[in-house]
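As a plain string of letters, each chain reads:
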Amino acid sequence: MGIKLQGGNNSTNLVSVNALHQMQVVTTQDSAGFSAGFVQMSTELDPGDVTGSRSVQRIECSDDYRTRVGTDQTIFNAAFEGTTILTTQWSNTTATTSSTQANGFLTVNSAAAASMISSGAAAYVRSWRQFPTFGTYPTYLDMWIREGGVNAINAISEWGFLYLTSAATQQPLDGIYFRRLSGGQLKGVVTTGISATIGIDTFEIDLDTTRVPPRDGGNHPYDPSETNHYLISFHNDSVRFWINDVLVGEVKCPPQLAQFAGSSNLPVGFRVVNIAATDVARQISVGYVNVGLGDQNTKKPWSNAMVGMGGGAYQQQQGNTPAPTVTRTLAAQGHPASGTARTAGTWTATSAPALNNLGGLWTSPAISTLASDADYPLFSFQNPTGSAAVPGKTLYITGVRVGESFASVAAASNPIFLSYIVTVEASAATTSTGDAATTVSGKSTVIGGQGFTAGDGAGTMKEGFDMSFLSPLVVPAGKYLNLIVRPFGTVTGNTLVVRGSVAFNGYFE
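Residues numbered from 1 in each chain as written. Predicted model: local features only at pLDDT ≥ 70, side-chain atom pairs only at ≥ 80, totals over all residues. Heavy atoms only, no water.

1. Considerations on the overall build of the protein
Spelled out, the test is: To qualify as a helix, a DSSP run of H or I must reach at least 4 residues; to qualify as a strand, a run of E must reach at least 2; elements of each kind are numbered from the N terminus. Buried residues are those whose accessible area, probed at 1.4 Å on protein chains only, stays under 20% of the maximum for their type, while exposed residues exceed 50% and partly exposed ones sit between those limits. Here, two residues are considered to be in contact whenever any of their heavy atoms come within 4.5 Å of each other.
Assigned secondary structure in the protein consists of two helices and 27 strands. Considering the protein as a whole, with its 509 residues, one finds that 44% of them fall into the buried category. Considering only contacts in the protein between residues 6 or more positions apart, those separated by 24 or more positions represent 69%.

Okay, structure coming up:
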């Protein structure tokens, strides 16, 4: 059965057709109140065969009309496992109160109860690293945060791109951030730094959260005391504030400014300050932070991105006591210390040194005290073991530098060749560890050597060398990296003592 549609030539309530008798249809641009006729582009995540409902995700574009198709580059990523604030990543400034880390959150304003509510109490944690903005390319700051004492009187909390030099009382000097006022009202703030000591709130807009859903998509309203996803999208022409994927505020850059912030590089920061005594403690608990660059295909090597996030092989990682991976102390034999099995007379075949270091300076005993063709570990580094509370990161070694070596005591007789070997993946520090059901042997890479003749006197120098690994050497969490010296030649009567250095390049992921 057919239905006859009459051409109406744009008359009211009549269908129009063209000269080829094709019906002319324009869909509505308003999705509200219509059960059909609205068209949008989206991608299907799941057809709903199991859940019973189709799941789709909208296609996004940036302020410069570029569809987001996977070119975004993450440049910073931080979680808060363990109980030690990683001071290589974060600066922690406080007045009266404190900031602590536990249970996967960094909590700003976490001292004893009386201190947290006292007048002038303040805590400010910011990244040492400052993050760039690039004109027509957006910078995204994602933060997963829960709040305490949301309605506290006389307390202010701020989070986002936030630059201060003093935790207490100071007006932020520069930044783009969320601000929770005394009493609980939420604002979006743009502060333009006009000098080194003064900032001006160019914009402070109300953020409407009445239609913001909870992060899990449940039926209850947005609750600041739950962990919510806050996002700042920073572009030279506009700044947008999002909560749980809902746009809650937008600011357009005024024509008198080139960009919003005074600086084109800004740190990530979190602050709580009491302008007077409060009734309850205001807190910010930060669970995760990510900064990304949108739209541009930067082609930044992954190793560069990891090191930029604080994952350099030269430093300890989240969940461990902040420190370098090569210890530096003042001792008779230099670096790192005189009692670390790298001083004269203390080398032991197959047994690892006493300290856990990734390279450094070393001193051999007299060659006559060694055995030819035996492994002597100079450095043994255990990549920290992961747990449910501490991330087990993978260490990638991308290169090693064996420095210049010299004879501190002359060779009395016989030439000797020192071969350098790197082993990775071992489940124990000793080089004799074998492969078994619960153990793994170190996998060896010979990286070069240095030869000393029988006539080499004290002060004789041998050139150092580098080796880069296009395919990195991989050290899983809990496993060991060893740097081994193996002497070849006749050791009998050889009084030679050698000093040298080793440096590793790489990153944690």
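Having seen the model, we can carry on.
2. Things to note about the packing of aromatic side chains
Worth spelling out the cut-off: The aromatic pairing rule takes the rings of Phe, Tyr and Trp, using the six-membered ring of Trp, and pairs them if the centres are within 6.5 Å, calling planes under 30 degrees apart stacked, those over 60 edge-to-face and the rest tilted.
Throughout the structure, instances matching the rule amount to 17 aromatic pairs. Taken together, a centroid distance of 5.9 Å and an interplanar angle of 85 degrees make the contact between W144 and Y288 edge-to-face. With a gap of 144 residues between them, W144 in strand 8 (residues 139-148) and Y288 in strand 17 (residues 283-293) connect regions that are remote in the sequence. When the ring of W159 is compared with that of F178, the centres are 5.8 Å apart and the planes differ by 10 degrees; the resulting orientation is stacked.

3. Digging into the pattern of salt bridges
As a working rule, side chains carrying opposite charge can pair if their charged atoms are close by. To be explicit about the condition: Salt bridges are counted wherever a side-chain nitrogen of Lys or Arg sits within 4 Å of a carboxyl oxygen of Asp or Glu.
Counted according to the given criterion, the structure contains 13 salt bridges. Between K443 and D435 there is a salt bridge, with the nearest N and O atoms lying 3.6 Å from each other. Accessibility expressed as a relative area gives 57% for D435, which makes it exposed.

4. Some thoughts on the layout of surface pockets
The condition is simple: Within this scheme a cavity is a closed region of a 1 Å grid, computed over the protein atoms alone, that accommodates a 1.4 Å probe without allowing it to escape, whereas a pocket is open but has protein on both sides within 12 Å along at least five of seven lines; lining residues each have an atom within 4 Å of a point. Grid points are joined across faces, edges and corners, and a volume is the space filled by probe spheres set on the points. Classification convention: Asp, Glu, Lys, Arg as charged; Ala, Val, Leu, Ile, Met, Phe, Trp, Tyr, Cys, Pro as nonpolar; all other residues, Gly among them, as polar.
If you add up the space inside the second largest pocket, you get close to 290 Å³. In terms of lining residues, the second largest pocket is bounded by 17 residues, among which N77, A78, A79, Q317 and K393 are the most central. In terms of residue count, strand 3 (residues 73-79) provides more of the lining of the second largest pocket than any other element does, three residues in total. Split by residue class, the lining of the second largest pocket holds eight nonpolar, six polar and three charged.

5. Observations concerning the nonpolar core
Applicable threshold: Among buried residues, those of type Ala, Val, Leu, Ile, Met, Phe, Trp, Tyr and Cys that are joined through side-chain atoms within 4.5 Å constitute a nonpolar core.
By size, the foremost hydrophobic cluster in this structure holds 44 residues, and its most contacted members are F178, F241 and F270. Beyond its immediate chain neighbours, meaning those up to four positions away, F270 contacts W90, V108, A123, Y124, V125, M143, I145, E158, W159, L162, V286 and V289. If you look at the next biggest cluster of nonpolar residues, it comprises 37 residues, including W347, A411, F465 and L473.

6. Let's talk about the sheet that holds strand 19 (residues 376-382)
Definition in use: At least two DSSP bridges between two strands are needed for those strands to be called paired. Orientation is described by axes fitted as lines to C-alpha atoms, over the contacting stretch for helices, and by angles from 0 to 180 degrees between their N-to-C directions.
Ordered by their spatial adjacency, four strands build an open sheet running 19-26-22-23, and the pairing between neighbours is antiparallel. Strands at the two margins of the open sheet, each flanked by one partner only, are strand 19 and strand 23 (443-452). Between one strand axis and the next, the sheet turns through 15 degrees on average, direction left out of account. Both strand 19 and strand 26 (residues 480-489) contribute to a ladder of six bridges, which runs antiparallel. Across the sheet, the residue bridging to Y376 is V485, located in strand 26.

7. Digging into the pairing of strand 11 (residues 186-193)
Most of strand 11 sits inside the fold, with seven of its eight residues counted as buried. As judged from the six bridges shared by strand 10 (residues 174-180) and strand 11, these two strands associate in the antiparallel manner. From the neighbouring strand, Y177 faces strand 11, where its bridge partner is V189. Here strand 10 hands over to strand 11 after five residues, with G183 in that stretch at a positive phi of 95 degrees.

8. Structural notes on a nonpolar patch on the surface
For the record, the criterion: Within the patch definition used here, like charges are joined within 9 Å and nonpolar side chains (Val, Leu, Ile, Met, Phe, Trp, Tyr) within 5 Å, considering only residues with over 30% relative accessible area and no salt bridge. Only the protein chains shown count as cover for residues, with accessible areas throughout obtained via the Shrake-Rupley method and a probe of 1.4 Å.
On the surface, V17, M23 and V25 cluster together into a nonpolar patch covering about 270 Å² of accessible area. Tracing the chain through its elements places V25 in the segment before strand 1 (42-46).

9. Brief notes about the environment of N265
By secondary structure assignment, the location of N265 is in strand 16 (residues 265-274). Residues N265 and R129 lie 136 residues apart in sequence; the distance between their C-alpha atoms is 9.1 Å.

10. Considerations on the pairing of strand 8
Remember that side chains alternate between the two faces of the sheet whenever the strand is regular. A large share of strand 8 lies buried, amounting to eight of its 10 residues. Strand direction decides the pairing type here: strand 8 and strand 13 (residues 228-234), joined by seven bridges, are antiparallel. Of the residues in strand 13, the one forming a bridge with D142 is L231. Both strand 8 and strand 17 contribute to a ladder of 10 bridges, which runs antiparallel. Within the sheet, the bridge partner assigned to M143 lies in strand 17 and is V289.

11. Here we look at the environment of F488
Checked against the element boundaries, F488 lands in strand 26. Separated by 73 residues in the primary sequence, F488 and P415 place their C-alpha atoms 9.0 Å from one another.

12. Quick notes on unusual backbone geometry
The backbone of T96 shows a phi angle near 75 degrees, a positive value even though the residue is not glycine. Residue position: T96 is located in the loop between strand 4 (90-95) and strand 5 (99-102). Residue class for T96 comes out exposed when judged on its relative accessible area of 53%. Here the phi dihedral of N244 falls at roughly 50 degrees; this positive angle occurs in a residue that is not glycine.

13. Comments concerning the environment of G448
Looking at the secondary structure, you find G448 in strand 23. Take G448: its relative accessible area is 23%, and that puts it in the partly exposed class. Every residue in contact with G448, bar those within four places of it in the chain, is listed here: L418, S419, Y420 and F465.

14. Some remarks on the confidence of the model for the protein
Formally: Values of pLDDT, ranging from 0 to 100, describe the predictor's confidence in every residue of the model.
Averaged over all residues, the pLDDT of the protein equals 84, while 86% of them reach at least 70. Here residues 330-341 scores under 50 on pLDDT; set against residues more than four positions off or in separate chains, the count is 30 contacts.

15. Observations regarding the side chain of R271
Operational definition: For this analysis, a polar contact is any N or O atom pair within 3.5 Å, provided that within protein one partner can donate a hydrogen and the other can accept it, and provided that sequence-adjacent residues contribute only side-chain to side-chain pairs.
Take R271: it is sitting in strand 16. Looking at R271, its side chain comes within polar contact range of the main-chain oxygen of Q170, at 3.0 Å.

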